[in-house]
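The chain contents come next:
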Amino acid sequence: MKRLLPLMAGVVLLLSACGREDLSTLNPQGPVAQKQFDLMTLSISIMALVVIIVFAICIYVLIRFRRRKGDKSVPKQVEGNHTLEIIWTVIPIILLLILGVPTINTVFGLAKDYSKDPNAVQVTVTSHQYWWEFEYPEYGIKTAQELVVPTGKKIQFTLASADVTHAFWIPSIGGKIDTNAGTGTTNKLFLEFPKEGVFKGKCAELCGPSHSLMDFKAKAVSQASFDRWVAAMKAPAVLPEDSKIKDALENKCLSCHAIGENNAGSSAPNLTGIGSRQTIGGILYNDEPGKSVESNIKEWVTDTQKVKPGNMMPNAGELGLTQEELDGIAKYLADYKLDY
Amino acid sequence: MAAHAHTVKRYRGLMDWLTTVDHKKIGILYLLAGGLFFIVGGLEALMIRIQLMKPMNDFVGADTFNELLTMHGTTMIFLAAMPMLFALMNAVIPLQIGARDVAFPFLNSLGFWTFFFGGVLLNISWFAGDVPAAGWTSYVPLAGPTYGSGHGVDYYLMGLQIAGIGTLLGGINFMATIINMRAPGMSFMRMPMFTWTIFITSALIVFAFPALTVGLVALTFDRLFHANFFETGSGGNTVLWEHIFWVFGHPEVYILILPAFGIISEVVSTFSRKRLFGYSSMVFATVLIAFLGFMVWAHHMFTAGLGPVANGLFSIATMLIAVPTGVKIFNWLFTLWGGSIRFTTANLFGIGFIPTFVMGGVTGVMLASAPADFQYHDSYFVVAHFHYVIVGGLIFGIFAGLHYWWPKMFGRLLNETLGKLTFWTFFIGFHLTFFVQHFLGLLGMPRRVWTYLPNQGFDTMNLVSSIGAFLMGVGTIVFLINVVVSAAKKQRVADDPWEDGRSLEWSIPSPPPEYNFKQLPLVRSYDAWWNEKQKGNAEMPPAEPVGPIHMPSPSILPLIMSIGLFAAGLGFMYDKLIVAIAGLVVTFGCMFLRSVFDDHGFHIEPEEQEKGVHA
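Residues numbered from 1 in each chain as written. Chains lettered and ligands numbered in written order. Predicted model: local features only at pLDDT ≥ 70, side-chain atom pairs only at ≥ 80, totals over all residues.

J.: Hey, could you run me through the overall build of chain A in this one?
T.: Within chain A, the regular secondary structure consists of nine helices and 12 strands. Whereas a compact globule of 340 residues would reach a radius of gyration of roughly 20 Å, chain A reaches 27 Å, over 25% beyond that. Each principal axis of the C-alpha distribution contributes one length, and for chain A these read about 95 × 50 × 40 Å. Scored against the burial criterion, the 340 residues of chain A give a buried share of 45%. Residue pairs in contact within chain A that sit at least 24 positions apart in sequence constitute 66% of those at least 6 positions apart. (Helix = DSSP H or I, 4+ residues; strand = E, 2+ residues; numbered from the N terminus. Rg over C-alpha atoms; globule rule 2.2 N^0.38 Å. Buried ≥ 20, exposed ≤ 12 C-beta atoms within 10 Å, placed from the backbone. Contact = placed C-beta atoms within 7 Å.)

J.: What's the story with the overall build of chain B in this structure? I'm lost.
T.: Summing up its helical and strand segments, chain B has 20 helices and two strands in all. A compact globule built from 615 residues would reach a C-alpha radius of gyration of about 25 Å, and chain B, at 24 Å, matches this within 12%. When burial is assessed residue by residue, chain B has 62% of its 615 residues classed as buried. A separation of at least 24 residues holds for 82% of the contacts in chain B among residues at least 6 apart in sequence.

J.: Quick question: what am I supposed to make of the interface of chain B and chain A here?
T.: Interface size is commonly expressed as the accessible surface area that is lost when the partners come together. Facing 74 residues of chain B, the contacting portion of chain A comprises 78 residues. Those elements that place two or more of their residues in the side of chain B that touches chain A are helix H3 (62–96), helix H8 (238–271), helix H10 (308–320), helix H11 (322–336), helix H12 (345–368) and helix H13 (370–376) of chain B. Element by element, the count of residues in the side of chain B that touches chain A is highest for H11(B), at nine residues. In the side of chain B that touches chain A, the residues fall into 40 nonpolar, 27 polar and seven charged. (Nonpolar A, V, L, I, M, F, W, Y, C, P; charged D, E, K, R; others polar.)

J.: Help me understand unusual backbone geometry in this model?
T.: The general pattern is negative phi for most residues beyond glycine and trans for most peptide bonds. All names here are of chain B. Cis geometry is adopted by the peptide bond preceding Pro141, which originates at Val140 and carries an omega value of 0 degrees. In this structure, Pro141 sits in the loop between helix H5 (125–128) and helix H6 (152–180). Of note, the amide linkage connecting Ser510 to Pro511 takes the cis form, showing an omega dihedral of -10 degrees. Along the chain, Pro511 turns up in the loop between helix H16 (459–488) and helix H17 (528–534). The residue Arg273 is not glycine, and still its phi comes out positive at about 55 degrees. Looking at where Arg273 falls in the secondary structure, it is placed in the loop between H8 and helix H9 (279–293). On the basis of neighbour count, Arg273 is assigned to the buried category, with 22 C-beta atoms found within 10 Å.

J.: Explanation requested: the domain arrangement of chain A in the structure shown.
T.: Residue and element names in this part refer to chain A. Domain assignment breaks chain A into domain 1 (121–222) and domain 2 (243–335). Summarising the inter-unit geometry, the C-alpha centres of domain 1 and domain 2 are found 21 Å apart. The interface of domain 1 with domain 2 comprises 18 residues on the first partner and 13 residues on the second. The set of elements that each furnish at least two residues to the side of domain 1 that touches domain 2 consists of strand E2 (131–136), strand E3 (141–144) and strand E10 (216–221). Broken down by element, the side of domain 1 that touches domain 2 gets its largest block of residues, three residues, from E3. Its residues assigned to classes, the side of domain 1 that touches domain 2 shows eight nonpolar, five polar and five charged. (Domains from an automatic or database assignment.)

J.: When you look at the sheet that holds strand E5 (residues 154–161) of chain A in this model, what are you seeing that I'm missing?
T.: Strands belonging to one sheet form pairs held by backbone hydrogen bonds; the direction of such a pair is parallel or antiparallel. Residues and elements named next belong to chain A. Read from one edge to the other, the open sheet built from five strands follows the order E3-E2-E1-E5-E8, with strand pairing classed as mixed. Sheet topology places E3 and strand E8 (187–192) at the edges, where each strand pairs with a single neighbour. This sheet shows a mean twist of 25 degrees between the axes of neighbouring strands, independent of strand direction. (Pairing = 2+ DSSP bridges. Axes fitted to C-alpha atoms, helices over the stretch in contact; angles between N-to-C directions.)

J.: Looking at this structure, I do not really get the sheet that holds strand E6 (residues 166–170) of chain A. What am I missing?
T.: Residues and elements named next belong to chain A. With mixed pairing, five strands are arranged side by side in an open sheet as E4-E10-E9-E6-E7. Of all strands in the sheet, those with a lone pairing partner are strand E4 (146–150) and strand E7 (174–179), marking the two edges. Direction aside, neighbouring strands of the sheet carry axes that sit 25 degrees apart on average. Pairing between E6 and strand E9 (residues 197–203): two bridges, direction antiparallel. Residue pairing for E9: Phe168 is matched across the bridge by Cys203.

J.: Honestly, the packing of H12(B) against helix H14 (residues 380–410) of chain B in this entry has me stumped. Any pointers?
T.: All names here are of chain B. Taken N-terminus to C-terminus, the directions of H12 and H14 make an angle of 160 degrees; their axes are 8 Å apart at the nearest point. Put simply, H12 runs roughly antiparallel to H14. For the element pair H12 and H14, the recorded crossing hand is left-handed. Its residues assigned to classes, the contact of H12 with H14 comprises 14 nonpolar, 12 polar and no charged. (Parallel < 35°, antiparallel > 145°, perpendicular 65-115°, else oblique. Left-handed = near helix turned anticlockwise from the far one by under 90°.)

J.: So what exactly am I meant to see when it comes to H16(B) here?
T.: Note: α-helices contain 3.6 residues per turn, so residues at a spacing of three or four share the same orientation. Residues and elements named next belong to chain B. Its 30 residues give H16 an end-to-end C-alpha distance of 44 Å, which sits within 8% of 44 Å, the value for a rise of 1.5 Å per residue. Taken residue by residue, H16 has Asn462, Ser465, Gly468, Ala469, Met472, Gly475, Thr476, Val478, Phe479 and Asn482 as its buried positions. Each element contacted by the buried residues of H16 is listed here: helix H2 (23–51) and helix H15 (416–442). (Expected span 1.5 Å × (residues − 1).)

J.: What should I look at first to understand the environment of B:Leu288 in this one?
T.: By the secondary structure assignment, B:Leu288 is in helix H9. Sequence separation between B:Leu288 and B:Thr325 is 37 residues; the distance between their C-alpha atoms is 9.3 Å.

J.: I'm lost on the packing of helix H5 (residues 243–253) of chain A against helix H9 (residues 323–335) of chain A in this one. Help?
T.: Helix packing for two helices is described by the angle between their axes and how far apart those axes are. Residue and element names in this part refer to chain A. At a minimum axis distance of 9 Å, the contact between H5 and H9 shows a crossing angle of 90 degrees. It follows from the interaxial angle that H5 and H9 lie roughly perpendicular. Residues Ile245, Ala248, Leu249 and Cys253 of H5 pack against Glu325, Gly328, Ile329 and Tyr332 of H9. Along the lines of polarity and charge, the residues of the contact of H5 with H9 split into six nonpolar, one polar and one charged.

J.: Please clarify how the pairing of E4(A) should be interpreted in this entry.
T.: If a strand is regular, its side chains alternate between the two faces of the sheet. All names here are of chain A. Burial analysis of E4 places four of its five residues in the buried class, which makes it a mostly covered element. The sheet contact formed by E4 and E10 spans five bridges and is parallel. Bridge pairing links Glu146 to Lys217 in E10.

Structure follows, in C-alpha cells:
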C-alpha cells in the first residue's frame, strides 16, 4: 500500500483536470463523481503498477534472452517453480483485496435511497426517443431537456423509459444508470450538485438513430433561485396575444407539447420557459455566434429530421405551419423566459 | 481386399471442396470464409472510423451508422473471429493429439456449412436493404417488434441461429475428439496447451451457446409470432433479454480468448526453445477462468439496476478472474526467461500479445469495480477495453497461429519480411486506434454514437483513432499480399520447418497426407516430438503396425442441409411458409437419407500409402 501511494499521487495529478469541467469523469464536480473518481484512481494506480512490472520483465527478457545467430544450444527445460508461482498468485489476490474492499463499500454507499427523505428533492426521469422528461412530483411541475436542481441538496432520481432502454449520465456529477421500459424495472439514483453551473448530460445506451444527439443539461442553481424557478413554472402560462398565432400554437403545437397548465398530459417535451434554456432539442446551442433561441427553434421546426434523424416530431410542412405562424411561434417561445 | 471392398469415392476440383469431410480441408474452408467476413467487418470498421474522424461528419447517415456498428460487431465476433479459431482448431487439433480425423467428420462438414450459410444470410441483409441496427447485443425493446420495425433484426436472429448450429456442432465434435481420439500414451496432462484450451473452449461452447439459442428463439417468437417475452406493453421484461444474452455473451468472451492463450503458449514455447513454464498451473488456470467465466455475466449489467448486492457480488467474482489470468501472463514471461528467443513473425505476434493483453486485462479489472463502472459503462472506455482484449488478444493470437501453422496447413512458408511488416503496421495501428479511446470514454464520450458535437474535447483523439484504423487496414493488406506471394511460389517445406517444433503436428509431412499419421504415434511424454528429437529419434515411435487406414466418405449432404436451413430462415422471415416448409423438408430429408443409408467409408491400403496420398 505504501508503495502505491506515490504512484497514486502521480496518477491523480496526471488525470485530474483532464477534460471539461462540465463533461469529464476525470474532473468530478460532485461527491458521487468524486467517489467514483477515487475508485478509478485507486484501480488505475494498481493496474499501472502491474503493467509496469509486466512491461519491465518483458523488455528485459526480450533483450537478455534473444537468440544469437547460429546458436544451436538448447536452454534448460524448466518445468516450473513453486515459489514463483505462489508469489504471482498471492500478490494479485492482495492487490484485488485493496481494490475490492472500497469497491463494496462504495457499491452500497451509492445505492442509498433518499426517496423518503424530506430534505431531498425528488425528480422522476422519463426517457423518450430522443429527449428527457423531468417531473418534480413534490411541486407538480414537469420540464424537459434541462434539469434544474438546487445546490447542496440530495437529488433523488426515479428513472424509467417511455419507449426503449436509454441510460441517464451526467459524467462530471456521477455515473450512469439505465432507464428501463416496463413495470418492475424502475431504477433509482441519487446525485449531488455542490456547485452552481450547467453540466452536460448524455444518453449512454444505444436507443436508435439519434442516440448520439440525445443530450440534456443539468443546471444547478442556488436554493433561492430554484424556489423562484418552481414558482415561475407553476405560474399560469401566458399564451401569445396575436389570436392567429395563439390558434396555430394551440392546434399545431399543443396537441402534443405542453406549456404550463395547457395540455399537461403531453407526449412531447414540455415547452414552459423554453426561452431560458441553453439549447433547443438538447444540441442546438442558443449562445453560439450567429444563433439565437428564435433561429434555433426555426431550424428545428423547419426540418426536425435533419437535426435529429428518426425523432417523432413532424416538421413545419407536415404540420401545415405557414411561415408567418412559424415566425410568430418562434418569437413567442424565444421570449417565453422564466425569471429565476 | 475383400473385407474392404467399398468403392473409394473421390471428387476433384470444386466438388472436392463442397463434399470434403477432411478436417484439414474444412480448416481451410473455415479460414477462407472467416477471412472473407473479417475483410467485410474490417471495411465496416473503416467506414465507422471515417464517419467519426471529425465532429458532425456526414459521411454516413445515422441509420447507416447504427447498421454498420451492429454488423461490424456481429460479423467480427460470430463470422470472423470464431471461424478463424475453428480454422486453426480443425487444422491443428487432430494432428496435435495424433488422430486421423475428428470424431464426427460428417458433423464437422455440416458445422462449417451451417456457419457459412448463417453468415451469408446475415450479410444479404445489406442487399435486402433491411439491416439490423440494434447493436450486436440486440437489446430489446430497440430490437423488438415495436421499435425494431422492418426485417433487420430478423436477419440477425435467423443468421445467428443457423450459424450457431455450426458452432454448437463444432463444440460437441471437438470435445468428443479430444476425449476419445488421443494417440496411445497421450494422457490429459500430456496434451499440448492449445489442445487443452480448445478442449475447455468446446466445453464452454456446449454450455453457453444453448443460452443464445433460447434467447434468439424467444426474440424470434416475439417478432414473428407476436409472443410477449420482451414486450413491455404486454408484461414482458427487457432486463430478461440482457440476462439471457450475457449468460451466453460473457462465456463467449472466453470462448474467443482461451484458444488465443493456447496459441500463444505454443508459439512462445517453440520460439524460445523452451518447455512451457508451469504447464500444470496453466491447465488449472484455464479451467478456472472457464469456470469463473460463467459466474460474471451481470458485470455487463451493472447499470441495469440490479441493486448493490448483485453488483457487489459480481464485482468481486469478476476481479477474481484476474488471478488465473495473471498466472498465465507470468508463466509466458518465464517461459521466455532463460530461453533462446527467435523473432519470427509468429513470435512477434505472440510477444506483442503479452503486454497488449495485459493492458486489456487491467482495464477489465477496473471495469469490474461496479461504482467506477457507472462512469465507464457504455462509454468509449469500454470500446477500448474490449478491442484490447479481442483484437490485441484474440486477433494477435490468430495472426501468430496463422504464421506459425501456415507451413503445416499449406506446405508453404509465409514471407518473413512481409510478415514483420504486417506485424509492425498492425501493432502500431492497433495501439494508435484504441489507446486514445480509453481517454475519450473518460472524457465523457458515449459509445455507439453516430456523430459528436464539436468543442467537447473529442476531436483530436478521434482523428488519431481513425488514422490508426487505416494503419491496421494496411497491415491486413500486407498479410493478404503475403498469402498470394507465398501461394505463387513453389517450395517444399520440411516436416518441422521451425526446427524447434514440440508437438506431434511437426512430426509429419507439411502438408500432412489425407490420413495424417501412417502409423499412430506412441506418446511418451509432454512435448512428445521435442523429447523424441532430444533422444536423437527422427520420427515418433509407432503405436501400431502399418495397415489399411479407414477413412470417412465425402458427402454433399451437409451442404444441401445448410441450404435447406438458409431457405427456411428466409421463408420464416418473410412469412412465406411454403418456402420455410420446403427448406425444412430438404434438411430433414437429408437427415433421413443419412440415417437410413449407411456409409461405412473406405480404406487406404498400405501400397497406396506408399505412393503418398496428399490432401
